[in-house]
Protein chains: 2
Amino acid sequence: MLPVGPGPNAKMRAVARVHQVTDVDDPRVDDFRDLATADRRPDRPGGRGLVIAEGVVVVERLLASPYPVRALLGVRRRIDALDEQLAGVDVPAYAVEPDVMSAVVGFHLNRGVLAVADRAPATTAEDLIARSRRLAVLEGVGDHENLGALFRNAAALGIDGVLLGAGCADPLYRRSIRVSMGHVLRVPFATFDDWPGGLPLLAEHGFRTAALTPRATAAPLAEAGLDRGKVAVLLGSEGPGLAEDTISAADLPVRIPMSPEVDSLNVATAGAIVFHAMSGAR
Amino acid sequence: MLPVGPGPNAKMRAVARVHQVTDVDDPRVDDFRDLATADRRPDRPGGRGLVIAEGVVVVERLLASPYPVRALLGVRRRIDALDEQLAGVDVPAYAVEPDVMSAVVGFHLNRGVLAVADRAPATTAEDLIARSRRLAVLEGVGDHENLGALFRNAAALGIDGVLLGAGCADPLYRRSIRVSMGHVLRVPFATFDDWPGGLPLLAEHGFRTAALTPRATAAPLAEAGLDRGKVAVLLGSEGPGLAEDTISAADLPVRIPMSPEVDSLNVATAGAIVFHAMSGAR
């Protein structure tokens, strides 16, 4: 996507908010330092808890999200491309030369702009269930890229929210955000405190639950009627799949018919197929 | 996947076919040298034309494929894991220590085993069309990972073959093979000599052709009836999509209904959704 051209007041606004940084050790850019080696579980105690967005499109989505943005860091051209989105947002943008940026971040970042935000207060699983119609429920999705891709597919295909069971990675880790193309900042998510003990919450709110599994006795997706009513689909990671207890806790096991020579699909790909079947969109 | 245990004659067979290599400069392993910098278009004139498989599972699929295997290179444990598959295959396996392997290949390869094969004679588009019922037709899929993922999804979801139009990467490039989990070695493919001028071949063989496009006037996938008869779906790359001429040459434009805030899906993901809709599998 090409950057949107700046509006008529662009230059004045940009001048007002942008600070040039030339010193690699400037403490104002500490949030962006050594990202490749920074904590991989920023959500856990001891983690910095920061939300990092990379590239113009994802930074745009962060600016439009509920996460309070702390600052931007980027080359001048990329910051200028965000000028419209920065109007009325009271955050500093630190403009740097590409070599300073690489030295701060710890690697070459060809997207040219970053933003950092604090976490927002977590939504509870029950809150999210109460205001949704179509949900994805994930178990054991510990891979940041798969998790990000699931959020991207959920956003594209009309899923209202994502619930996280045991063993999932942090959706707000930098790589999840990037692979989701920033949609993890838009699709609400919540974590079950009790897993799989929290699943009955879904039935209490009128949801049918479908567990995706390759077992031959499961209903083929096309016959499962997931395009009707309030539906939550349970998805496990590619290798082990959903735990036996989790499948038992669901109303209906569902399968995607597959060639006998192939043992699995990527979890985000399988999710996309199911989300499309749930949408019933015409 | 855990390696299959060796059969009763395993030890004898393994001893007979495995050659220990200790010298990094041994010319017998030249096929495996400096893979990261080797030609990225091995299919083109001047390219070496070699097909490289990485890891036990993908090497198994190469051994079962029509591509004539030239040799294996790997650590002893991984070669032994392939013993059953190597029975009756007259190829040398070069066993090396991990540091020799890294020095030959040019990087650390944690899958521990490689195989190399020659290309097989190409299938013509018309041959492939004549013996298929469900086809994927790709245009402009220049990214090796997307191409590999498309082949993996095609294999899983019952697509009989893949036709390549203009602008596609080489399916037999190492990274495509890896991302496809070796399924590119199983799903037949062919290249159109004339693009999009060759598309009428599909109609001549009784195929309906559906072009995937986000345009609002296209038929929603669920209503397009792609689960009946001989169907070929045309898929373009994520950014530009299919060319206007290509969409016009198809019988029917089809869309995957998407949220208005999201502009696209990954091409392999979109392909998976369509392939599932084409399968009509119960």
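A brief report on the enclosed structure follows. (Residues numbered from 1 in each chain as written. Chains lettered and ligands numbered in written order. Predicted model: local features only at pLDDT ≥ 70, side-chain atom pairs only at ≥ 80, totals over all residues. Heavy atoms only, no water.)

Some remarks on the overall build of chain A
Counted only if it meets this: Only runs of H or I of at least four residues qualify as helices and only runs of E of at least two qualify as strands under DSSP, and these elements are numbered from the N terminus. Only protein chains enter the area calculation, which uses a 1.4 Å probe; residues under 20% of their type maximum are buried, those over 50% are exposed, and those in between are partly exposed. Note on contacts: a residue pair is in contact if any heavy atoms of the two residues lie within 4.5 Å. Working definition of accessibility: Shrake-Rupley area with a 1.4 Å probe, residue cover restricted to the visible protein chains.
Of the regular secondary structure elements, chain A holds eleven helices and 13 strands. When each of the 282 residues of chain A is scored for burial, the buried share is 54%. Residue pairs at least 24 apart in sequence account for 77% of intrachain contacts in chain A once pairs closer than 6 positions are excluded. Just so you have it, chain A exposes about 12,000 Å², and 51% of that area is on carbon and sulfur atoms.

Re the relation of the copies chain A and chain B
Operational definition: Here the copies were fitted onto each other by least squares, based on C-alpha atoms from residues at pLDDT of at least 70 in both.
Of the two same-sequence chains, chain A is brought onto chain B (RMSD 0.0 Å, axial shift 0.0 Å) by a rotation of 180 degrees. The superposition of one copy onto the other is thereby described by a two-fold rotation axis. Ranked by how close their C-alpha atoms come to the rotation axis, the residues of chain A are headed by isoleucine 273 of chain A, at 2.5 Å. Interface overlap between copies: 100% of the residues of chain A at the interface are likewise at the interface in chain B, consistent with a symmetric, same-surface contact.

Notes on the nonpolar core
What counts is decided by this rule: To form a nonpolar core, buried Ala, Val, Leu, Ile, Met, Phe, Trp, Tyr and Cys residues must be joined to one another through side-chain atoms within 4.5 Å.
Counting residues in hydrophobic clusters, the biggest one holds 126 residues, and the most contacted among them are Leu72, Leu138 and Phe275 of chain A together with Leu72, Leu138 and Phe275 of chain B. Setting aside chain neighbours within four positions, we find leucine 72 of chain A in contact with Phe32, Val59, Leu82, Leu86, Val91, Pro92, Ala93, Tyr94, Val113, Leu114 and Ala115 of chain A.

Side note on the sheet that holds strand 4 (residues 93–95) of chain B
Strands pair in a sheet through their backbones, by hydrogen bonds, and they do so in one of two ways: parallel or antiparallel. Residue and element names in this part refer to chain B. Short version of the rule: Should DSSP find at least two bridges between two strands, the strands are regarded as paired. To get an axis, fit a line to the C-alpha atoms, keeping to the stretch in contact for a helix; angles then go from 0 to 180 degrees between the N-to-C directions.
Strands sit in the order 1-4-3-5-2 across an open sheet of five strands; the sheet is mixed. Two strands lie at the open edges of the sheet, namely strand 1 (18–20) and strand 2 (50–54), each paired on one side alone. Geometrically, the sheet is characterised by an average inter-axis angle of 20 degrees between neighbouring strands, direction not taken into account. Where strand 3 (residues 69–74) lies against strand 5 (residues 113–118), five bridges are found, and the strand directions are antiparallel.

A closer look at the pattern of salt bridges
Working definition: two side chains of opposite charge can pair if their charged atoms are close together. Residues and elements named next belong to chain A. Filter applied, for reference: Salt bridge criterion: a side-chain nitrogen from Lys or Arg within 4 Å of a carboxyl oxygen from Asp or Glu.
Considering all chains together, one arrives at 26 salt bridges over all chains under this definition. Arginine 178 serves as the salt-bridge partner of glutamate 54, at 3.4 Å between the closest nitrogen and oxygen. Of this pair, glutamate 54 sits in strand 2 (residues 50–54) while arginine 178 sits in helix 8 (residues 174–179), and the two are 124 residues apart along the sequence. Of the residues examined, arginine 178 reaches a relative accessible area of 24% and is grouped as partly exposed. For the salt bridge of arginine 76 with aspartate 80, the shortest nitrogen-to-oxygen distance reads 3.5 Å. Taken together, the residues span about one helical turn, with arginine 76 and aspartate 80 both in helix 3 (residues 76–81) at a distance of four residues. Residues participating in the shared-partner salt-bridge network are Asp31, Arg70 and Asp118.

Brief notes about unusual backbone geometry
In the segment running from tryptophan 195 of chain A into proline 196 of chain A, the intervening peptide bond is cis, with an omega of -5 degrees. One can find proline 196 of chain A in the loop between strand 9 (189–191) and helix 9 (200–204). Positioned with a positive phi, aspartate 34 of chain A is a non-glycine residue whose angle comes to about 50 degrees. Mapped onto the elements of the fold, aspartate 34 of chain A is located in the loop between strand 1 (18–20) and strand 2. Judged by its relative accessible area of 37%, aspartate 34 of chain A is partly exposed. Even without glycine at this site, methionine 181 of chain B takes up a positive phi of about 55 degrees. Assignment of secondary structure puts methionine 181 of chain B in the loop between helix 8 (174–179) and strand 9 (189–191).

Some remarks on the sheet that holds strand 6 (residues 123–124) of chain A
Residue and element names in this part refer to chain A. Pairing is parallel in the open sheet, where eight strands are placed in the order 6-9-8-7-12-10-13-11. In this open sheet, the two strands that pair with only one neighbour each are strand 6 and strand 11 (219–220). Here six bridges tie strand 7 (residues 134–139) to strand 12 (residues 231–236), and the two strands are oriented parallel to one another. Paired with glutamate 139 across the strands is glycine 236, a residue of strand 12. The sheet contacts of helix 7 (residues 144–156) involve strand 7, strand 8 (161–164), strand 9 and strand 12, and relative to strand 8 the element is tilted by about 150 degrees. Each of strand 7, strand 10 (208–212) and strand 12 is contacted by helix 11 (residues 267–279), which is oriented at about 170 degrees to strand 12, the strand it contacts most.

So, the environment of aspartate 227 of chain A
Residues and elements named next belong to chain A. Structurally, aspartate 227 can be placed in the loop between strand 11 and strand 12. Residue class for aspartate 227 comes out partly exposed when judged on its relative accessible area of 30%. With 48 residues separating them along the chain, aspartate 227 and phenylalanine 275 place their C-alpha atoms 9.2 Å apart. Look past the residues within four positions of aspartate 227 in its chain and what remains in contact with it is Arg133, Ala277, Met278 and Gly280.

Topic: the interface of chain A and chain B
For clarity, the cut-off: For this analysis, a polar contact is any N or O atom pair within 3.5 Å, provided that within protein one partner can donate a hydrogen and the other can accept it, and provided that sequence-adjacent residues contribute only side-chain to side-chain pairs. Residue classes follow a fixed rule: Ala, Val, Leu, Ile, Met, Phe, Trp, Tyr, Cys and Pro count as nonpolar, while Asp, Glu, Lys and Arg count as charged, and any other residue, Gly among them, counts as polar.
Taken together, the contact between chain A and chain B spans 33 residues of the former and 33 residues of the latter. Along the contact surface separating chain A from chain B lie four salt bridges. Here glutamate 238 of chain B ties to arginine 152 of chain A by a salt bridge, and the two come within 2.4 Å at their closest N and O atoms. The tally of links from chain A across to chain B stands at eight residue pairs in polar contact (both at pLDDT 80 or more). Looking at the side of chain A that touches chain B, the elements that each hand over two or more residues are helix 7 and helix 11 of chain A. Residues that form the side of chain A that touches chain B fall into these classes: 16 nonpolar, eight polar and nine charged.

Concerning helix 11 (residues 267–279) of chain B
Threshold: Multiplying one less than the number of residues by 1.5 Å gives the expected span of a helix.
For helix 11 of chain B, built from 13 residues, the straight-helix expectation of 18 Å at 1.5 Å per residue is met to within 8% by its first-to-last C-alpha distance of 18 Å. Summarising burial for helix 11 of chain B: twelve of the 13 residues are buried, a large majority. Buried within helix 11 of chain B are the following residues: Val267, Ala268, Thr269, Ala270, Gly271, Ala272, Ile273, Val274, Phe275, His276, Met278 and Ser279 of chain B. Buried positions along helix 11 of chain B lie against helix 7 and helix 11 of chain A together with strand 7 (134–139), helix 7 (144–156), strand 10 (208–212) and strand 12 (231–236) of chain B. You can read the cap of helix 11 of chain B off the contacts: a side-chain oxygen lies 2.7 Å from the backbone nitrogen of alanine 268 of chain B, and it is on asparagine 266 of chain B.

Comments concerning the packing of aromatic side chains
Residues and elements named next belong to chain A. As a reminder, the rule being used: Any two of the Phe, Tyr and Trp rings considered here, Trp counted by its six-membered ring, make a pair once their centres fall within 6.5 Å; the pair's planes then place it as stacked at under 30 degrees, edge-to-face at over 60, or tilted in between.
Summed over all chains, the structure comprises four aromatic pairs over all chains. Taking 5.7 Å as the distance between ring centres and 85 degrees as the angle between the ring planes, the aromatic pair formed by phenylalanine 151 and phenylalanine 189 counts as edge-to-face. Linking phenylalanine 151 in helix 7 with phenylalanine 189 in strand 9, this pair joins segments that are 38 residues apart in sequence. Both residues of the pair, phenylalanine 151 and phenylalanine 189, belong to the buried class.

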